[in-house]
Amino acid sequence: MRLFRYGPPGDERPGLLDAAGVRRDLSGVVGDLTPHTLGPDALARLGRLDPRRLPEVDPAARLGPPVGQVGNILAIGLNYADHAAEAGLPLPRQPIVFSKHTAALAGPDDDVWLPPGSVKLDWEVELAVVMGRAAWQVPQEQALDHVAGYCLANDVSERAHQLEMDGQWIKGKSYPTHCPLGPWLVTRDELPDPQAVELWLDVNGQPRQRGHTRTMVFGVAFLVSYLSRFMRLLPGDVILTGTPPGVGMGQRPPQYLSVGDEITLGSPVLGQQRQRVVPAPLP
């Protein structure tokens, strides 16, 4: 299945994309797509529905993040060898783990805010993993059984805040709108091999990132198992698995985002996003 949420920010409703690409409303069946409705039994019930009996959704309706009430966003740094090389950093011996604040979540086509004074706003197309079951001390061979599905993500990053200030990367990763997610939650039955996903990203129509998850340093099953050694992963948790080469920081000379720039990114299986960079609104 390809599941989505639509409507105004904070008031999204659940939906399902049928085989013909028609958006269908699920709100008569389930209240929302949240940690409580991502388990295998709940997804199996949705999978038995006849989408043709569901109301159609206006295709012009805004899409929100495809999962609501996300508790944690965990991310993996330098997880593609060619991205580590462009950053001038050695390959990690173990996954580099950091967090993004959940208030960074945004819909796939929402505007991206340029923070006040920002001069190093960067893009990162990624495969996102959405947990469906709690995972604690899970062996690698069982790790994917705990996954509900996968999404496209843009790990928008303010590099000066991330790398030029003392402390952790989270400061450069957590600004509002800096984690566009979606358009769909592609359930695991639709994508049995997360290491078979192409990813791309353009800025103002110019190709920037081209990659494939088969070149990850640490694959998805390993990452889920590894993280579960240190924390109890919960249903609805989102794991960003790293970005392929071509980020702005890696350009020669570096190129960063400005107001008016347009970012488009996508994957044949995960769908597409489109964002416009705008000034952050005043409080």
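Because the structure is predicted, anything quoted here is derived from the model rather than measured.

## A short note on the overall build of the protein chain
A count of helical and extended segments in the protein chain gives four helices and 19 strands. Compactness check: the protein chain gives a C-alpha radius of gyration of 18 Å against a globular reference of 19 Å for 283 residues, within 12% of the reference. By residue count, 56% of the 283 residues in the protein chain fall in the buried class. A separation threshold of at least 6 residues defines the contact pool for the protein chain, and within that pool the share at least 24 residues apart is 75%. Carbon and sulfur atoms provide 52% of the accessible area of the protein chain, an area that totals close to 12,400 Å². Side chains of the protein chain give 26 positive and 31 negative charges; the mean places of these two sets differ by 2 Å.

## Points about the pattern of salt bridges
Taken as a whole, this structure holds 19 salt bridges when the rule is applied. A salt bridge links D50 to R52; the nearest nitrogen and oxygen atoms lie 3.1 Å apart. When its relative accessible area of 26% is taken as the criterion, D50 is described as partly exposed. Residue R52 is classed as exposed on the basis of its relative accessible area of 67%. Between E262 and R274 there is a salt bridge, with its nearest N and O atoms 2.9 Å apart. You can see E262 sitting in strand β18 (residues 262-267) and its partner R274 sitting in strand β19 (residues 271-279), a full twelve residues away along the chain.

## Let's talk about helix α4 (residues 220-227)
In terms of residue burial, α4 counts as a mostly covered element, since seven of its eight residues are buried. For α4, the complete set of buried residues consists of V220, A221, L223, V224, S225, Y226 and L227.

## What to know about the layout of surface pockets
The space that makes up the largest pocket amounts to roughly 190 Å³. Around the largest pocket sit M1, R2, L16, L17, D18, A19, L46, G47, L49, P51, R52 and E190, which together line it. Elements represented by at least two residues in the lining of the largest pocket include exactly β2 (13-17) and α1 (40-47). Partitioned by chemical class, the residues of the lining of the largest pocket number seven nonpolar, one polar and four charged.

## Some thoughts on the side chain of S157
Relative to the helices and strands, S157 resides in strand β12 (residues 157-158). S157 gets classed as buried once you look at its relative accessible area, which sits at 0%. Polar side-chain contacts of S157 include one of 2.9 Å to the backbone oxygen of D155.

## Observations concerning the nonpolar core
Counting 46 residues, the largest nonpolar core has M131, Y150, V220, V224, L233, I239 and L270 as the members making the most contacts within it. Ranked by residue count, the leading element in this core is α4, at five residues. Discounting residues that sit within four places of it in the chain, M131 has contacts with L38, H146, V147, A148, V224, L233, L234, P235, G236, D237 and I239. Counting residues in each nonpolar core, the second largest holds 27 residues, with L54, L105, V238 and L240 among its members.

## Quick word on the environment of P279
Mapped onto the fold, P279 is located in strand β19. Taking the relative accessible area as the measure of exposure, P279 reaches 52% and is therefore exposed. Along the sequence, P279 and V112 sit 167 residues apart, while their C-alpha atoms lie 8.3 Å from each other. In this view, P279 contacts L114 and V259; residues no more than four positions away in its chain are not counted.

Rules used throughout
- Residues numbered from 1 in each chain as written.
- Predicted model: local features only at pLDDT ≥ 70, side-chain atom pairs only at ≥ 80, totals over all residues.
- Heavy atoms only, no water.
- Helix = DSSP H or I, 4+ residues; strand = E, 2+ residues; numbered from the N terminus.
- Rg over C-alpha atoms; globule rule 2.2 N^0.38 Å.
- Buried < 20%, exposed > 50% of the residue type's maximum accessible area, 1.4 Å probe, protein only.
- Contact = heavy atoms within 4.5 Å.
- Areas by Shrake-Rupley, 256 points an atom, 1.4 Å probe, with all protein chains shown as cover.
- Lys, Arg positive; Asp, Glu negative; His and termini not counted.
- Charge placed at Lys NZ, Arg CZ, Asp CG, Glu CD.
- Salt bridge = Lys/Arg side-chain N within 4 Å of Asp/Glu carboxyl O.
- 1 Å grid on protein atoms, 1.4 Å probe; cavity = no way out; pocket = protein on both sides within 12 Å on 5 of 7 lines; lining within 4 Å.
- Points joined across faces, edges and corners; volume = space filled by probe spheres on them.
- Nonpolar A, V, L, I, M, F, W, Y, C, P; charged D, E, K, R; others polar.
- Polar contact = N/O pair within 3.5 Å; in protein donor to acceptor, adjacent residues only side chain to side chain.
- Core = buried A, V, L, I, M, F, W, Y, C linked by side-chain atoms within 4.5 Å.

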